[in-house]
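Each chain is listed here by its residues.
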Amino acid sequence: MSVSFQQIPSPCYVLEERLLRANLEKLNYVQQQSGVEIICALKGFAMYSTFDLVHQYLGGATASSLNEAKLCNEYMHSKAHLYSPVYVPAEFDELMDLSNHITFNSLRQWQTYAARIKSYHRHLHCALRINPEYSEVEVDMYNPTVPGSRLGIRAEDMPAALPEGINGLHFHSLCESSSFALENTLKAVEERFASFLPKIEWFNMGGGHLITRKDYDVEHLISVLRGFRSRYPNLKKVILEPGSAVAWQTGYLVSEVLDIVHSKGIEIAMLDVSFAAHMPDTLEMPYKPRILGATDAIVGKPTYRMGGGTCLAGDYLGDYSLTSPSNRR
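An account of the accompanying structure is given in this report.

## A look at the packing of helix α6 (residues 179-192) against helix α7 (residues 218-231)
The angle between the axes and the distance between the axes are what describe a pair of packed helices.
Now for step 1: Put simply, α6 and α7 touch, their axes get as near as 9 Å, and they point 20° apart. Classified by the angle their axes make, α6 and α7 are roughly parallel. Judged by the sense of rotation from one axis to the other, the crossing of α6 with α7 is left-handed. On α7, the residues that touch Ser 179, Phe 180, Leu 182, Glu 183, Leu 186 and Glu 190 of α6 are His 220, Leu 221, Val 224, Leu 225, Phe 228 and Arg 231.
Now for step 2: For the contact of α6 with α7, a count of residues per class yields seven nonpolar, two polar and three charged.

Structure, rendered in structure tokens:
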């Protein structure tokens, strides 16, 4: 049954299940052809009403907080792959209960919790996050390998041998990246961490793999992953954890214009959503959202700046020319 915009309450996130399923089928194809495991990064997609469907294709999810780990267990029905830059001591026992893989950002973090891990009643797979010091991400805010990064351990700071209890490594230095960026990153990882890779049981390549984007070379990705696995037959598991790729272009945010503010020749459409609250990446990255029935500003056409409904002065984005300015959605 088709539904018009006017029948959807505003504001509202709308997801089309058929599009989500198509993305999941593509991710599952990569799993089947490459032999890797793909899990969902909750920081990129956490619409738990879809998790029953997601879990039909993906084995679980990666969490970066206690609440995300609970979400994974309660709605994905699986233990979490856990990574946080720093863990809260009072939460760690519960995090162990909710997880089967735990990655530590630093040697000090591992040393802080190693005794708890060792005495825990169930075996947990533990890893260190490494910093390959290579990334093709151009925006520093989204680049975990910038000089002085707090994320991951550089090769020069690694111990001579992995600590007892660590049987995995994890890196994350991609963001909406291609398979070729992954290939280049793996070259840096293999060069800098060559002595450790043959001695681990599992390897997590993090997120940022935009596999469901139309121009993404899926077959090249499969070739890269197969090649990596063939070079390290000791690996029992190789993991990718994309977030954006799971729900890439599967829906939209319905909003309504509630007022027009005129300011120094600028027409500002006041929305019932907020860029700061509902679309924070548009201010941080920045991204510019697409608006149905609108284009970038064109001289001579009705043009509006989009204003969010909060009191934050910078909660706006623009400018857009509307093909039908009478349409308030």
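## Section: the sheet that holds strand β16 (residues 303-307)
Now for step 1: Here we have five strands laid out as an open sheet, ordered β13-β14-β16-β17-β15, and mixed in their pairing. Each edge of the open sheet is held by one strand with a lone partner, namely β13 (257-263) and β15 (294-296). Within the sheet, the average angular offset between the axes of one strand and its neighbour, ignoring direction, is 40°.

## Considering the pattern of salt bridges
Now for step 1: A full pass over the atoms with the stated rule returns 11 salt bridges.
Now for step 2: In this structure, Glu 190 engages Arg 231 in a salt bridge whose closest nitrogen and oxygen atoms are separated by 2.8 Å. Separated by 41 residues along the polypeptide, Glu 190 in helix α6 and Arg 231 in helix α7 bring together distant segments of the chain.
Now for step 3: We classify Glu 190 as buried; its relative accessible area is 16%.

## So, the pairing of strand β7 (residues 125-131)
Now for step 1: Within β7, six of the seven residues are buried, leaving the element largely enclosed by the surrounding structure.
Now for step 2: Looking at chain direction, strand β6 (residues 99-104) and β7 are connected through four bridges and run parallel. Bridged to Thr 103 within β7 is Ala 127.
Now for step 3: In this view, the connection linking β6 to its parallel neighbour β7 by way of helix α5 (residues 107-119) has right-handed handedness.
Now for step 4: Relative to strand β9 (residues 168-170), β7 is paired through three bridges, and the arrangement is parallel. Residue pairing for β9: Arg 129 is matched across the bridge by His 170.
Now for step 5: With two bridges joining them, β7 and strand β8 (residues 153-154) adopt parallel strand pairing. When the sheet's bridge partners are listed, Asn 131 is paired in β8 with Arg 154.

The rules we used
- Residues numbered from 1 in each chain as written.
- Predicted model: local features only at pLDDT ≥ 70, side-chain atom pairs only at ≥ 80, totals over all residues.
- Heavy atoms only, no water.
- Axes fitted to C-alpha atoms, helices over the stretch in contact; angles between N-to-C directions.
- Helix = DSSP H or I, 4+ residues; strand = E, 2+ residues; numbered from the N terminus.
- Parallel < 35°, antiparallel > 145°, perpendicular 65-115°, else oblique.
- Left-handed = near helix turned anticlockwise from the far one by under 90°.
- Contact = heavy atoms within 4.5 Å.
- Nonpolar A, V, L, I, M, F, W, Y, C, P; charged D, E, K, R; others polar.
- Pairing = 2+ DSSP bridges.
- Salt bridge = Lys/Arg side-chain N within 4 Å of Asp/Glu carboxyl O.
- Buried < 20%, exposed > 50% of the residue type's maximum accessible area, 1.4 Å probe, protein only.
- Right-handed = clockwise from strand over helix to strand, strands pointing away.

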